[in-house]
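Structure assessment
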Amino acid sequence: MKYRTMGSDPVTRREVSVLALGAMLFGSRTDERTSFEILDRYVEAGGNFIDTSDNYAFWLDAGQGGQSEELLGRWRRSRGVGDEIVMATKLGARPLAPGTSYVDNAEGLSAKVIRESAERSRERLGVERLDLLYAHIEDRTVSARETVEGFAELVAEGTVGLLGVSNHAVWRVERARALAAAAGLPGYEVLQYHHSYLRPRTDVPSDLWADGTLGAATADLLSYLEAEPDLTLVAYSPLLKGGYVRPAELPSDYDHPGTPARTKVLGEVARETGATVNQVVLAWQLGGRFPIVPLAGVSSVAQLEENLGAVELELTEDQRVRLDAAH
């Protein structure tokens with residue numbers, strides 16, 4: 001395993017494995033025995049960066065979520081896991097009532113919600129401090145200042161370490177970070193967005209924004225990250241939920257001329273390296289021009305083993321140039 005540093009403050013920064021493990025479906029679609037086997041193997045391989053959310057996986061039973069955090073808490077207790085494992089979770093998108101969703105009834109990002117939701121997550125996970133806490137989705141009903149101050153209070157109290165943000169417009173991220181910096185408060189240092197080798201159309205209407213998605217790593221976001229070297233991008237769904245091995249299942253927003261061109265080069269590089277297409281995608285992210293931590297969920301130890309194989313895969317400069325140039 002390889003590692004990289006997230007965060008700039010010596011008090012809160014963490015060394016994390018370059019491959020993060022997504023636990024979204026642990027405790028729900030992925031049963032407890034399988035989830036524990038995956039977690040055990042990930043840690044055995046040197047992995048120490050596990051990602052969840054307080055709303056996972058509410059959509060499977062029309063509930064409010066919490067199954068993933070609860071399972072991770074049981075795993076931690078049964079294995080005697082301490083702060084050597086970095087636990088990241090999110091708040092803001094938990095439905096306030098069963099049968100609703102983050103689209104029509106999200107908990108939001110008020111100072112009250114931030115405090116109460118973080119406390120529930122700490123209890124479910126069985127930790128004294130959340131190593132990394134994200135603002136999961138935008139909340140346009142409260143001021144950015146209230147959200148910034150709400151998160152900062154928890155950092156000051158020692159119940160939260162690093163702060164992160166996901167699925168926000170870039171201008172909102174910068175506004176929040178500027179407010180925090182002006183007030184001498186901790187700000188977002190980890191950005192979690194969808195990023196993969198194949199590029200989706202970002203103008204397709206989404207549930208949260210009629211003009212397109214706010215959750216994808218657009219050119220604006222990538223240029224922002226390149227200009228801010230202290231920030232880290234955590235890339236969710238890097239393997240497109242199996243879309244690289246089941247192209248027919250790719251969402252409609254990948255149906256554009258760039259997809260066949262990039263798929264062709266990806267296949268060529270996979271054959272040249274003797275690696276799988278999934279491994280090439282992860283290796284391409286890991287060796288990019290600024291820090292990217294792929295966040296991949298798996299439903300079996302075999303899938304995890306494939307992903308782990310990408311950590312040592314080194315692409316040549318020529319292969320990177322060809323992958324980057326395809327469009």
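Everything that follows concerns the structure shown earlier in this document.
What comes next concerns the included structure. (Residues numbered from 1 in each chain as written. Predicted model: local features only at pLDDT ≥ 70, side-chain atom pairs only at ≥ 80, totals over all residues. Heavy atoms only, no water.)

Across its full length, the chain carries eleven helices and ten strands. The C-alpha atoms of the chain give 19 Å as radius of gyration, which agrees with the globular expectation for 327 residues (20 Å, within 12%). In terms of overall dimensions, the chain has C-alpha extents of about 55 × 45 × 40 Å along its principal axes. Per-residue burial for the chain yields a buried fraction of 52% across its 327 residues. If you take every contact in the chain between residues at least 6 apart in sequence, the share linking residues at least 24 apart comes to 75%. Accessible surface for the chain amounts to roughly 14,400 Å². Of this, 51% is attributable to carbon and sulfur atoms. Where the 34 positive side-chain charges of the chain centre and where its 48 negative ones centre are 1 Å apart. (Helix = DSSP H or I, 4+ residues; strand = E, 2+ residues; numbered from the N terminus. Rg over C-alpha atoms; globule rule 2.2 N^0.38 Å. Buried < 20%, exposed > 50% of the residue type's maximum accessible area, 1.4 Å probe, protein only. Contact = heavy atoms within 4.5 Å. Areas by Shrake-Rupley, 256 points an atom, 1.4 Å probe, with all protein chains shown as cover. Lys, Arg positive; Asp, Glu negative; His and termini not counted. Charge placed at Lys NZ, Arg CZ, Asp CG, Glu CD.)

Below, the discussion takes up helix H11 (residues 317-325). Among the residues of H11, those classed as buried are Gln 319, Arg 320 and Leu 323. Axial view of H11: buried residues confined to an arc of 100°, hence all on one face. Seen from the buried face of H11, the exposed residues on the opposite side, beyond 90 degrees, are Glu 317 and Val 321. Each element contacted by the buried residues of H11 is listed here: helix H8 (258-273) and helix H9 (277-286). (Arc of directions from axis to C-beta.)

Further remarks concern the packing of aromatic side chains. The full count for this structure, using the stated rule, is five aromatic pairs. Ring centres of Tyr 56 and Trp 59 lie 6.0 Å apart, and the angle between their planes is 80°; on these two criteria the pair is classed as edge-to-face. With centroids separated by 6.0 Å and ring planes inclined at 90°, the aromatic side chains of Phe 58 and Tyr 102 adopt a geometry described as edge-to-face. One end of the pair, Phe 58, is in the loop between strand S4 (49-51) and helix H2 (67-79); the other, Tyr 102, is in helix H3 (residues 102-105), with 44 residues separating them in the sequence. On the basis of relative accessible area, Phe 58 is assigned to the buried category, the value being 5%. Taken together through their ring pairs, the aromatic side chains of Tyr 56, Phe 58, Trp 59 and Tyr 102 make up a single cluster. Taking NZ or CZ as reference, Arg 262 lies 3.9 Å from the ring centre of Tyr 197, over its face. (Phe/Tyr/Trp six-rings, centres within 6.5 Å; stacked < 30°, edge-to-face > 60°. Lys NZ or Arg CZ within 6 Å of the ring centre and 35° of its normal.)

Before going further, it helps to spend a moment on unusual backbone geometry. Backbone torsion omega between Tyr 56 and Ala 57 reads -5°, so that peptide bond is classified as cis. Following the sequence through the fold, Ala 57 ends up in the loop between S4 and H2. Residue Asn 167 is not a glycine yet carries a positive backbone phi of 55°. Non-glycine residue Leu 240 carries a positive phi angle of around 55°. Within the secondary structure layout, Leu 240 lies in the loop between strand S9 (232-236) and H8.

Here strand S6 (residues 130-135) lies mainly inside the structure; six of its six residues are buried. Relative to S6, strand S5 (residues 86-91) runs parallel, the two being bridged by four bridges. Bridge assignment links Leu 91 to a residue of S6, and that residue is Ala 135. Examined bridge by bridge, S6 and strand S7 (residues 160-166) share five bridges and lie parallel to one another. Residue pairing for S7: Leu 133 is matched across the bridge by Leu 163. What joins S6 to S7 is helix H5 (residues 144-157), and the crossover it makes is right-handed. (Pairing = 2+ DSSP bridges. Right-handed = clockwise from strand over helix to strand, strands pointing away.)

Moving on, we come to the nonpolar core. Within the largest apolar cluster, 89 residues are counted, with the highest numbers of intra-cluster contacts made by Phe 49, Ile 50, Phe 151, Leu 191, Tyr 197, Val 280 and Leu 323. When residues in this core are grouped by element, the largest group, six residues, is from H9. The residues contacting Tyr 197, other than those within four sequence positions of it, are Tyr 244, Arg 262, Val 265, Leu 266, Val 281, Trp 284, Leu 323 and Ala 326. (Core = buried A, V, L, I, M, F, W, Y, C linked by side-chain atoms within 4.5 Å.)

Let us now look at the environment of Asn 105. Inspection of the secondary structure assignment puts Asn 105 in helix H3. Sequence-wise, Asn 105 and Pro 95 are ten residues apart; in three dimensions their C-alpha atoms are separated by 5.5 Å.

Before going further, it helps to examine the sheet that holds strand S10 (residues 292-297). Overall, parallel pairing links the eight strands, which are arranged S3-S4-S5-S6-S7-S8-S9-S10 in a closed barrel. For this sheet the average axis-to-axis angle between neighbouring strands, irrespective of direction, equals 30°. Pairing geometry for strand S8 (residues 190-194) and S9, over five bridges, is parallel. Paired with Gln 192 across the bridge in S9 is Val 234. (Axes fitted to C-alpha atoms, helices over the stretch in contact; angles between N-to-C directions.)

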